[in-house]
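Single-letter residue listing:
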Amino acid sequence: MSESGGDRYMLEMQGVGKWFGNFCALYDIDLQVRSGEKVVVCGPSGSGKSTMIRCVNRLEEHQAGHIFVDGTELTDDTKNIELIRREVGMVFQHFNLFPHLSVRRNLTLGPIRNLNLSKNEADERAMQYLERVRIAEQADKFPSQLSGGQQQRVAIARALCMQPKLMLFDEPTSALDPEMISGVLEVMVELAQDGMTMVCVTHEMGFARQVADRMVFMDSGEIVEVAPPDRFFSDPETERTKLFLSQILSH
Amino acid sequence: MTIVGTHVGSRRLPPPHARTPLLSRKSPLFSLVQLAVLLGGVTWLIYSGAQAMEYNWQWYRVDRYIYRIVDGEFIFGPLLRGLGVTLEMAVWSVFLSIAIGMVTALLRLSNSASGRFLATVYLEGIRNTPLLVQLFLFYYVLAPILEIDRFWAGVLCLSFFEGSFASEIIRAGLQSVPRGQYEGSDALGFTKLDRLRFILLPQAIPLILPPMTGLLISLIKHSAIVSVIAVADLTTEGMNIISETFMAFEIWFTVAAIYLVITVSLSFFVSWLEHLMKRHR
Ligand SMILES: Nc1ncnc2c1ncn2[C@@H]1O[C@H](COP(=O)(O)OP(=O)(O)OP(=O)(O)O)[C@@H](O)[C@H]1O
Ligand SMILES: [Mg+2]
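Let me begin by describing the structure that accompanies this report. (Residues numbered from 1 in each chain as written. Chains lettered and ligands numbered in written order. Predicted model: local features only at pLDDT ≥ 70, side-chain atom pairs only at ≥ 80, totals over all residues. Heavy atoms only, no water.)

Attention now moves to the overall build of chain A. Tallying secondary structure elements over chain A gives nine helices and 10 strands in all. Its C-alpha atoms give chain A a radius of gyration of 18 Å, near enough to 18 Å, the size a compact globule of 251 residues would have. Dimensions of chain A along its principal axes, counting C-alpha atoms only, are 50 × 45 × 40 Å. Here chain A holds 251 residues, and 55% of them are scored as buried. Partitioning the contacts of chain A with sequence separation of at least 6, the portion at a separation of at least 24 is 65%. Carbon and sulfur atoms make up 46% of the accessible area of chain A, which amounts to about 10,900 Å² in all. Within chain A, one finds 26 positive and 36 negative side-chain charges whose respective centroids are separated by 5 Å. (Helix = DSSP H or I, 4+ residues; strand = E, 2+ residues; numbered from the N terminus. Rg over C-alpha atoms; globule rule 2.2 N^0.38 Å. Buried < 20%, exposed > 50% of the residue type's maximum accessible area, 1.4 Å probe, protein only. Contact = heavy atoms within 4.5 Å. Areas by Shrake-Rupley, 256 points an atom, 1.4 Å probe, with all protein chains shown as cover. Lys, Arg positive; Asp, Glu negative; His and termini not counted. Charge placed at Lys NZ, Arg CZ, Asp CG, Glu CD.)

Here it is as structure tokens:
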């Protein structure tokens, strides 16, 4: 994968640090993600995985280091933040769909307001992505009328409608009933095959083996290990990774 | 169990709660009787009190102060004209206090320290000084500076007063929208204004509306205070009539009844609206 990238990274984090009060949630995070690359982030609960990817689109503000998205540094400037957010899609554990809007409107509002698409263009785009996540027939329902798995696929389609350069996933399947998970993972695998740049926080190790170019293991706010999936799973370097993997794979 | 001496046979009795005896505490008749006794008692108290004062009731003279019909033409009496002024003030003040409340709520929720400070100063200032003093400030200090008349001095004073309550209502409504909605809209790159307009307010308004109507009703009641700066509202007109006619009891009862009719019909209208909104999802 890496040979396809130029000298610019799609995402680059340099020495990123983040504190909640005195508690250090991220410490000296360095991570480079090339265009088209898929990175899966795992680690124990509270290790800072969510915090790390939430810094990328400024849902959390980093206090040290630098973050670049496609070469543009993320700064305090409101316009800059808005522009970067429009290029970075995010899928949340709890979907965060807008309950007062139909599925279609959930998908079109962003492109209409933030990408200046006309209503027709946005509608067309919305239907295209709804078909891609295989729920085009639900376009006029409201989120509460859909199953969890369907809602999460709508949320993915909503992020894709902004045609982002980079997609962030924060445990997209961990709030779902087991029988709903595969449908969402399928969509994510297809997205990966289409060449999307992805950073996924997930404990779905089957998915990780299938799509990840690199595995990132975090513990206590630090990146402990980065490795391609086959080496990561078969021959982890650190004891902490071994312990984590033994715990998670025993399930 | 049943009345002695009658043959009940095999007839089944309805379950006990379905048989509310006419004079049990749950029957509507009971509440009506209760209300009638209460009203009767109050009326009697007032009446006998007035008798003791040798008060001269002149209800027959009241209607001309509400309206007159001269040559088949309907003419508003001073009380209805005063009501018009009260309502006009209320309408202006409602819009202004919602606007003030909105701005204050947004300032308080903003991450600008000076904005939050400004909002806090306003809220504490309004809450911790008497409304009457605020009115005098608006009328004697601000009105000459801004070159506005007594009507607008009253409207502005009421708006800033009720605006402090409106801001709390709006703030509570916005804060009750789940965090995920803020994050979901932020992740799509909405501007703060768009986020408010398309995502937050539509979800907050059903929560804001009921207490906001309570505010409208208290605004109509509080508006009576402008009579002290001689705005010709319902209360002022009432006082004027009394000083001419000395019919204090009749006119004050009438004025109170007019306020009551307006506020009660407003609350009915609002619950009907809420009912409609609930049916529309
Ligand atoms: N808003 C916040 N205020 C204070 N502490 C926070 C806040 N958000 C996160 N933290 C703390 O920062 C640490 C990292 O949190 P984070 O949510 O990034 O962990 P995570 O790796 O995503 O865990 P999980 O697997 O449970 O989602 C945790 O110890 C958490 O308690
Ligand atoms: Mg997390």
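What follows covers the overall build of chain B. A tally of helices and strands in chain B yields 10 helices and two strands. Computed over the C-alpha atoms, the radius of gyration of chain B is 26 Å, more than 25% above the 19 Å expected from 2.2 N^0.38 for a compact globule of 281 residues. Once the C-alpha set of chain B is aligned to its principal axes, its extents read approximately 80 × 65 × 40 Å. With the model as given, the accessible surface of chain B reaches about 17,200 Å², and the carbon-plus-sulfur share is 69%. Positive and negative charge centroids in chain B, built from 22 and 18 side chains respectively, lie 17 Å apart.

We now examine the interface of chain B and chain A. Counting from both sides, the interface comprises 19 residues of chain B and, opposite them, 24 residues of chain A. Counting across the interface, chain B meets chain A through three salt bridges. Between the two partners, chain B and chain A, sit nine residue pairs in polar contact (both at pLDDT 80 or more). Contributing elements (two or more residues each) for the side of chain B that touches chain A: α7 (179–187) and α8 (192–222) of chain B. Tallied by class, residues from the side of chain B that touches chain A come to six nonpolar, seven polar and six charged. (Salt bridge = Lys/Arg side-chain N within 4 Å of Asp/Glu carboxyl O. Polar contact = N/O pair within 3.5 Å; in protein donor to acceptor, adjacent residues only side chain to side chain. Nonpolar A, V, L, I, M, F, W, Y, C, P; charged D, E, K, R; others polar.)

Below, the discussion takes up the nonpolar core. Soluble globular proteins: nonpolar side chains tend toward being buried together. All names here are of chain A. Of all hydrophobic cores here, the largest spans 49 residues; its most connected members are Met167 and Met198. If we ignore the near neighbours within four places in the chain, the residues touching Met167 are Gly89, Val91, Ile156, Ala159, Leu160, Leu191, Met196, Thr197, Met198 and Val199. Listed in part, the 30 residues of the second largest apolar core include Leu11, Ile29, Val56 and Met90. (Core = buried A, V, L, I, M, F, W, Y, C linked by side-chain atoms within 4.5 Å.)

A few words on the packing of aromatic side chains. All names here are of chain B. Under the defined criterion, the tally for this structure stands at 16 aromatic pairs over all chains. A centroid spacing of 5.6 Å and a plane angle of 70 degrees characterise the contact between Trp57 and Phe249, whose relative ring orientation is edge-to-face. Placement of Trp57 in the loop between α1 (28–52) and α2 (63–66) and of Phe249 in helix α10 (residues 248–279) is noted, with a sequence separation of 192 residues between them. Ring centres 5.0 Å apart and planes at 65 degrees place the aromatic pair Trp92 and Trp152 in the edge-to-face group. (Phe/Tyr/Trp six-rings, centres within 6.5 Å; stacked < 30°, edge-to-face > 60°.)

Moving on, we get to the pairing of strand β1 (residues 67–70) of chain B. Residue and element names in this part refer to chain B. Note: β1 against strand β2 (residues 73–76), four bridges, orientation antiparallel. Its bridge partner lying in β2, Ile69 is registered against Phe74. Hairpin connection, β1 to β2: the antiparallel pair is bridged by two residues, and Asp71 has positive phi, about 55 degrees. (Pairing = 2+ DSSP bridges.)

As a further point, take the site of ligand 1. Residue and element names in this part refer to chain A. With respect to spatial proximity, the complete set of residues near ligand 1 consists of Phe20, Phe23, Ala25, Pro44, Ser45, Gly46, Ser47, Gly48, Lys49, Ser50, Thr51 and Glu171. Ser47 is positioned with one of its backbone polar atoms (N or O) 3.2 Å from an oxygen atom of ligand 1. Here an oxygen atom of ligand 1 and a side-chain polar atom of Thr51 are 2.5 Å apart. Protein chains shield 59% of the accessible area of ligand 1, which is 630 Å² for the free molecule. Looking at which element gives the most residues to the shell around ligand 1, the answer is helix α1 (residues 49–56), with three residues. Split into classes, the residues belonging to the shell around ligand 1 amount to four nonpolar, six polar and two charged. (Near = heavy atom within 4 Å.)

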